[in-house]
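An overview of the molecular structure
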Amino acid sequence: MAAAVYDKIADEIRAQIANGDLAPGDPVPTEAELAQRWATSRGPIRNALAALRQEGLIETSRGRPARVATRKANQAVDVSIPFTRWAQNIGAVPGARTQELSIRRADADKAALLNIAVGDPIVDVLRLRLLDNRPTMLERLTYIEPVGRHLFGVDLDSISITEHLGEKGFGYAGVDHEIDAIAADETDSDLLRVAPGTPVLRLRRISYDSEGRTFEASDDRYLSDQVRFTVSASGRSRQGDAYVRPLGSA
């Protein structure tokens, strides 16, 4: 009898999550509420909640009620895929809100990233990316001017910049990625709607054309409760060096 009740409780909560009656972040009915509804002891209820937790449908923490788990979208970093296409591949609706598109002179840091001279013209883009209308990632993109000039006069909120530049003859032949975790700055906090200092995942990218010239440097800040990075690789480069190194090593 207890097993049957446990199955029914789990099935009901599972259905409420599936049809949207319980959305990500919503509290799950308490053990006391479920015990009253199902006229049962807390044993079957705890078994049902444990099953849902193992399925990744709910999250629990000490001293707090269970909540519906927030879906985390997996982002593969051993390949390069435009945000728009990635979002569509995981069944989400991509969105963009461009905050800035400007031409300026490269400072020492950006000149080094792009392998150009200090003072050379560059194009900067600051764009908020959304999944299902929820702020998910803030991207800071910097291009050498001959490439970045193609971003003016187009609606950056409705296109994939990667695919647009590819159509203009600037394909991504090679990409280097670097991942770390940092504290959200004021811009991140404002646009991603998190408190200043909140940990965010940073994915930095350097992109090369078919002739090995650097044309893009990016700094993308992801909300860690929505996205996680995955890697499928041997763990060793062609030269035999480990891809994963401690900070400060060559």
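Whatever comes next refers back to the structure up there.
This report concerns the structure included in the present document. The structure presented is a predicted model; accordingly, all values stated were derived computationally and were not measured. (Residues numbered from 1 in each chain as written. Predicted model: local features only at pLDDT ≥ 70, side-chain atom pairs only at ≥ 80, totals over all residues. Heavy atoms only, no water.)

When you go through the protein residue by residue, the secondary structure sums to eight helices and ten strands. Here the protein, with 250 residues, has 37% of them falling under the buried criterion. Within the protein, counting contacts between residues at least 6 apart in sequence, those at least 24 apart form 58% of the total. Counting every atom, the protein has about 14300 Å² of accessible surface; 48% of that belongs to carbon and sulfur. (Helix = DSSP H or I, 4+ residues; strand = E, 2+ residues; numbered from the N terminus. Buried < 20%, exposed > 50% of the residue type's maximum accessible area, 1.4 Å probe, protein only. Contact = heavy atoms within 4.5 Å. Areas by Shrake-Rupley, 256 points an atom, 1.4 Å probe, with all protein chains shown as cover.)

Moving on, we get to unusual backbone geometry. As a rule of thumb, non-glycine residues mostly have phi less than zero, and peptide bonds are mostly trans rather than cis. The phi torsion at Asn 115 lies on the positive side, around 60°, for a residue other than glycine. Within the fold, Asn 115 resides in the loop between helix H5 (108-114) and strand E5 (121-131). Here Asn 115 falls in the exposed class, since its relative accessible area comes to 67%. Positive phi outside glycine occurs at Arg 193, with the angle close to 65°. Relative to the elements of secondary structure, Arg 193 occurs in the loop between helix H8 (186-192) and strand E8 (199-208). Of the residues examined, Arg 193 reaches a relative accessible area of 60% and is grouped as exposed.

Here the focus is the layout of surface pockets. Sizing a probe to match a water molecule and rolling it over the atoms shows the empty space that remains. Considering only enclosed or pocket space, the second largest pocket measures out at about 410 Å³ in volume. What lines the second largest pocket is a set of 20 residues, and nearest its centre among them are Leu 113, Arg 204, Ala 217, Ser 218 and Asp 219. Those elements that provide at least two residues to the lining of the second largest pocket are strand E4 (94-105), H5, E5, strand E6 (134-144), strand E7 (174-183), E8 and strand E9 (214-223). It is E8 that contributes the most residues to the lining of the second largest pocket, four residues altogether. (1 Å grid on protein atoms, 1.4 Å probe; cavity = no way out; pocket = protein on both sides within 12 Å on 5 of 7 lines; lining within 4 Å. Points joined across faces, edges and corners; volume = space filled by probe spheres on them.)

Pairing between sheet strands relies on hydrogen bonds along the backbone, with the strands arranged either parallel or antiparallel. Spatial ordering of the open sheet is given by E4-E5-E6-E9-E8-E7, a layout of six strands whose pairing is antiparallel. With partners counted over all chains shown, the strands left at the sheet margins are E4 and E7, one partner each. On average, each strand axis in the sheet is tilted by 15° relative to the strand beside it, whichever way the strands run. Two elements, E4 and E5, share eleven bridges in a ladder whose sense is antiparallel. (Pairing = 2+ DSSP bridges. Axes fitted to C-alpha atoms, helices over the stretch in contact; angles between N-to-C directions.)

Within this structure, the stated rule accounts for 24 salt bridges. Between Arg 85 and Glu 163 there is a salt bridge, with the nearest N and O atoms lying 2.8 Å from each other. Here Glu 163 lies in helix H7 (residues 161-167) and Arg 85 lies in helix H4 (residues 83-89), a separation of 78 residues in the sequence. Note on Arg 85: relative accessible area 39%, which makes it partly exposed. Where Asp 188 meets Arg 221, a salt bridge forms, and the shortest distance between an N and an O atom there is 2.7 Å. Residue Asp 188 is found in helix H8, and its partner Arg 221 is found in strand E9; the two are separated by 33 residues along the sequence. (Salt bridge = Lys/Arg side-chain N within 4 Å of Asp/Glu carboxyl O.)

A few words on the pairing of E9. Taken across its ten residues, E9 has ten buried, putting it largely inside the fold. Pairing between E6 and E9: seven bridges, direction antiparallel. Across the sheet, residue Glu 139 finds its bridge partner in E9, namely Asp 220.

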